[in-house]
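The primary structure of each chain is shown beneath.
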Amino acid sequence: MIDNLGVHTDRDLNTELDALTRQINALTGQFAIDLFHSPEAKWNAQAELTNCQVRAQLLAEELAAETAEQDRLTDAIRTVGDPTLGFIAYVLLGPAALPVQPLYEVRVIERDGGYTVPSLVRRRVTAEDVAETQRELLNAVVARGGHAELWGHTIRDYRTQVTAY
């Protein structure tokens, strides 16, 4: 996505994963030569290594899901015949122009300003799961300690937005 200033705002998952891999390799190298000035430094490095490994695993899973999503759309565009015309049809007409079942993105937004509530966006939702996902997200927004309680809103102050892709 490109914002209104022309800055690319999507995360580059490959670059993030490469940076984490380099950091993991550096920490592993410190353990290989036991390069620590105190036991506390070694414990801190072990905690940082564990944290990096978990983040790398989560990032690899997210990257695999994004790649599968792009491959699904790319294959559907290619089945139209001409990839350029298939892409133009997808941009103009949406997923209905392609021979693939659309997936949906469901997000909770505030009624007043159209603000998307953080962490209440679900992607890759099938058509039969949209209604259940909407209920789940609206219940999450008004749950104890949720966004509504934090800002003094009620469930009437929110709505869900469903987008096919």
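Preceding this section is the structure that the text describes.
Keep in mind it's a predicted model, so treat the numbers as computed, not measured.

**Describing helix H1 (residues 13-33)**
Part 1 of the reasoning: Between the first and last C-alpha of H1 there are 31 Å, a value that for 21 residues agrees with the 30 Å anticipated at 1.5 Å per step.
Part 2 of the reasoning: Of all the positions in H1, only Leu13, Leu17, Leu20, Ile24 and Leu27 are classed as buried. Viewed along the axis of H1, the buried residues span an arc of 90°, placing them on a single side of the element. Turned more than 90 degrees from where H1 packs its buried face, Arg22, Ala32 and Ile33 sit exposed.
Part 3 of the reasoning: On its buried side, H1 packs onto helix H2 (39-79).
Part 4 of the reasoning: Note on H1: the residue one or two positions beyond its end, Asp34, has a positive phi of about 55°.

**Considering the packing of H1 against H2**
Part 1 of the reasoning: Packing of H1 against H2 brings their axes to within 9 Å, and their N-to-C directions diverge by 155°. Judged on the interaxial angle alone, H2 and H1 are roughly antiparallel. Like other packed secondary-structure pairs, H1 and H2 cross with a definite hand, here left-handed.
Part 2 of the reasoning: Of the residues belonging to the contact of H1 with H2, the class tally is 13 nonpolar, six polar and six charged.

**Here's the deal with the side chain of Glu110**
Part 1 of the reasoning: Mapped onto the fold, Glu110 is located in strand S1 (residues 104-110).
Part 2 of the reasoning: No salt bridge is formed by the buried Glu110; the nearest opposite charge belongs to Arg159, separated by 10 Å.

About the cut-offs
Residues numbered from 1 in each chain as written. Predicted model: local features only at pLDDT ≥ 70, side-chain atom pairs only at ≥ 80, totals over all residues. Heavy atoms only, no water. Helix = DSSP H or I, 4+ residues; strand = E, 2+ residues; numbered from the N terminus. Expected span 1.5 Å × (residues − 1). Buried < 20%, exposed > 50% of the residue type's maximum accessible area, 1.4 Å probe, protein only. Arc of directions from axis to C-beta. Contact = heavy atoms within 4.5 Å. Axes fitted to C-alpha atoms, helices over the stretch in contact; angles between N-to-C directions. Parallel < 35°, antiparallel > 145°, perpendicular 65-115°, else oblique. Left-handed = near helix turned anticlockwise from the far one by under 90°. Nonpolar A, V, L, I, M, F, W, Y, C, P; charged D, E, K, R; others polar. Lys, Arg positive; Asp, Glu negative; His and termini not counted. Salt bridge = Lys/Arg side-chain N within 4 Å of Asp/Glu carboxyl O.

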